[in-house]
Amino acid sequence: MALSTHRTTTALLRHLTPAISYLRHISTDSTSTITVETSVPFTGHKIEPPSRSVDTTAQELMSFFRDMALMRRMEIAADSLYKAKLIRGFCHLYDGQEAVAVGMEAAITRKDCIITAYRDHCIFLGRGGTLLESFSELMGRKDGCSKGKGGSMHFYKKEGGFYGGHGIVGAQIPLGCGLAFAQKYKNDENVTFTLYGDGAANQGQLFEALNMAALWDLPAILVCENNHYGMGTAEWRAAKSPAYYKRGDYVPGLKVDGMDALAVKQACRFAKEHALKNGPIILEMDTYRYHGHSMSDPGSTYRTRDEISGVRQERDPIERVRKLLLAYDIANEKELKDIEKEARKQVDEAIAKAKESPLPEPSELFTNVYVKGYGVESFGADRKEIRAALP
Amino acid sequence: MFGIISHKLAASTAGGSPGQPILRAAVLAMMSNYSTATKQIMVREALNSALDEEMAADPTVFLMGEEVGEYEGAYKVSKGLLRKYGPQRVVDTPITEAGFTGIGVGASCHGLRPIVEFMTFNFAMQAIDHIINSAAKTNYMSAGNINVPIVFRGPNGAAAGVGAQHSQCYAAWYSSCPGLKVLAPYSSEDARGLLKTAIRDPDPVVFLENELLYGESFPVSDEVLDSSFCLPIGKAKIEKEGKDVTITAFSRMVGYALKAAEILEKEDLEAEVINLRSIRPLDRSLINNSVRKTNRLVTVEEGFPQHGVGAEICASVVEENFNFLDAPVERISGADVPMPYAANLERLALPQVEDVVRAARRACYRSVPTA
């Protein structure tokens, strides 16, 4: 099931008494503007930051809630599947960071490009990926988005403007600037968001690519998802300057509360405008991952449990939107709980379906090595037993 | 006593000279006798103890890499070392391979003996310029003025389900470069002996471990546990003697070759299993002597087939002992495709024991090749 991109337009009576609230539909005046202040103001580096007043609608807030609830459920379900050994190898979970994915989507189109590293499941969903494609891929089945051949770190969706899904820390940054290069070359008025973590922020290739992006005015937006830990190493132990939004030096930057979907949306909209006119900009999203770096990292040897539960209590992105929805009387507790139940149901159904998806055919070992293989020979482990002509 | 003999052996054969064949054979024969073993240790422990002992013996030895200190090692190989030696000697680096590898090479030019750990050798590709151009070639370019006593170590090859970017075997790439020494341990004895030798060696050594072997236990004798225990570079080990077919392998594939040999035994085929231990320099004389005895050769490796380790071994045997070959040389390797994630495809992409058995049967003319 794809995320909600369809906007329902039922207009309803705003003032209903509690006695007949059960008749109330989810959206009230769903498209009229609500203005919300972000949790904290933006901090700019060599740029005037945008206002902390963000325009949104009831519909948008509901879609944030729905989409983040789905992402959260998906990641938690992936944890269980990994422990049940249905997912193998590496599995890097995004729960806690959902606001970045949904806020960004709200500010851009599918013609803009997103590229990220290996913590990619939720970004994939945001770009139009389905739960079935996601779970099938995680379990290495043929209905996976990469036909089971990529795995957790290698989700892609070119049609949705999603370019992966990369395992080597930092590599996605020059790649993202390359997407922006192509966009500028084609003059298509679109931008690229290149996501990377605080661990990758020290990579040399970032600065090489950023220099060229700035020299050539590429519409590249570098987004540092600063969850404050590069695997087991806290940011202050890895970076002399953990003010990642300033690290672009001559490239302007913005520091954003990455747990606030509206702040993310505002920053991304601002960045897109900037990048189309003035070239690269850096966004630092202050965010947090509840899980460890990957499923083989407990995540508690280098952080205290108090810190983790503290963030969950004070800054959880879904809770933030829930409070807004309740405060603006857009939905009540029960309706929101129902949405979460629905998310759980969708995830469970997708997993059940994914489990039925078969493993890829053995012949898939030899497909997609090239686009055009010219019939060249390729070999299995025993070259005299298994050989194939590459299609 | 054995410890001292093997250390002297390491010193005398460091330059690749023939040394004393009789003494070497005697020591090797004694060292290959597992039945005197009294203890079992995991490869991870073996590596940890080697690092510990070498750091204790030589204050210029230090370890640097991602998560080696406070995290105690991504695979716990450096467990306890930060506590023991402090942050100047166990250095946690940012995730910046090109930078810290260059820093390591620079430090090794100026009196230190760094051990640079790569979380996997896939990430070392970010640093390969420094491994090749800064480390391997410097002694030559400076005519011996500057040497680079550095060790690059970490897991190499496939793990389980980690996909295309995390599963490549780099043995062939590094072994093609003169100036580097490339070692690949299999057992705990290999891990201890080869790592200690690597750390003491004055040249850059690429030390290819294997993630799936870290948790495997092997018997070790008291000699192996002695702090002076070293294994010579450039010498392979005959893990199992045989007369019908030679099977060469390194790292995890040695275990597969040994299992294949057990199966072949039941078919009255005695395989001689050679654990290469050293990919560069390759122990060509031991391999060739074995083929002169058995007349048949199967090479086994995890990596991609084209220009692989097996290809070089095949060329060596064909060049030196063509007339001793009674059958074409068989190569078992990883499949010629990027590593797929799906479990069934991954299995097809890597050598299995039955592949080695099948190739050995073909080499012994027990079956006709299908192709």
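Here the structure is a predicted model, which means the values were calculated and not measured. Along every chain, residues carry numbers that run from 1 in the direction the sequence is written. In the order they appear in the text, chains get letters beginning with A and ligands get numbers beginning with 1. At least 70 in pLDDT is required for a residue's local features to be given in this predicted model, at least 80 for side-chain atom pairs to be given and counted, and no such filter applies to totals for whole chains, interfaces and linings, which use all residues. Here the side-chain values reflect all heavy atoms present in the structure, with hydrogen atoms and water set aside.

K.L.:
What am I meant to see in the overall build of chain A here?
P.N.:
Scanning chain A for helices and strands turns up 11 helices and 12 strands. Relative to the compact-globule value of 21 Å for 391 residues, chain A shows a C-alpha radius of gyration of 22 Å, a close match. Seen along its three principal axes, the alpha-carbon backbone of chain A occupies a region of about 80 × 50 × 45 Å. Counting the 391 residues in chain A, one finds 59% classified as buried. By the convention used here, residues are in contact when the closest approach between their heavy atoms is within 4.5 Å. Taking the contacts inside chain A whose residues are at least 6 apart along the sequence as the reference set, 70% of them involve residues at least 24 apart. In this text, helices come from DSSP runs of H or I with a minimum length of four residues, and strands from runs of E with a minimum of two, each type numbered from the N-terminal end. Taken over C-alpha atoms, the radius of gyration is set against a globule rule of 2.2 Å times the number of residues to the power 0.38. Under the scheme applied here, a residue whose accessible area is under 20% of the maximum for its type counts as buried, over 50% as exposed, and between as partly exposed, the area being computed with a 1.4 Å probe on protein chains only.

K.L.:
What exactly am I supposed to notice about the sheet that holds strand 13 (residues 297-300) of chain B here?
P.N.:
Two pairing modes exist for strands in a sheet, parallel and antiparallel, and in both the strands are linked by backbone hydrogen bonds. Residue and element names in this part refer to chain B. Ordered by their spatial adjacency, 5 strands build an open sheet running 9-11-10-13-14, and the pairing between neighbours is mixed. Strands with a single pairing partner mark the edges of an open sheet, and in this sheet they are strand 9 (237-240) and strand 14 (330-332). On average, adjacent strands in this sheet sit at an angle of 25 degrees to one another, irrespective of strand direction. The criterion for strand pairing is that DSSP finds at least two bridges linking the strands in question. When strand 9 meets strand 11 (residues 271-275), the two strands line up antiparallel, connected through 3 bridges. Bridging across to strand 11, Ile238 finds its partner in Ile274. Across the face of the sheet, helix 12 (residues 284-294) comes into contact with strand 9, strand 10 (245-249), strand 11 and strand 13 while running at roughly 175 degrees to strand 11. Note on definitions: angles span 0 to 180 degrees between N-to-C directions of axes, and those axes are lines fitted to C-alpha atoms, for helices only across the stretch in contact.

K.L.:
Please explain the domain arrangement of chain A as it appears in this structure.
P.N.:
As assigned here, chain A comprises domain 1 (9-360) and domain 2 (362-391). Here domain 1 of chain A and domain 2 of chain A have C-alpha centroids that lie 37 Å from each other. Per the annotation, domain bounds derive from an automatic or database assignment of domains.

K.L.:
Please clarify how the packing of aromatic side chains should be interpreted in this entry.
P.N.:
Ring pairs are drawn from Phe, Tyr and Trp, using the six-membered ring of Trp, whenever the two centres fall within 6.5 Å, and their geometry is named by plane angle: stacked under 30 degrees, edge-to-face over 60, tilted for the rest. This structure, assessed with the given rule, holds 15 aromatic pairs over all chains. Between the aromatic rings of A:Phe181 and A:Trp216, the centroid separation amounts to 6.0 Å while the plane-to-plane angle is 70 degrees, which identifies the pairing as edge-to-face. Taken as a pair, A:Phe181 in helix 5 (residues 172-186) and A:Trp216 in the loop between helix 6 (204-215) and strand 6 (220-226) lie far apart in primary sequence, 35 residues in all. Three or more aromatic residues joined by ring pairs make a cluster, and in this case those are B:Phe100, B:Phe118, B:Phe121, B:Phe152, B:Tyr170, B:Trp173 and B:Tyr174.

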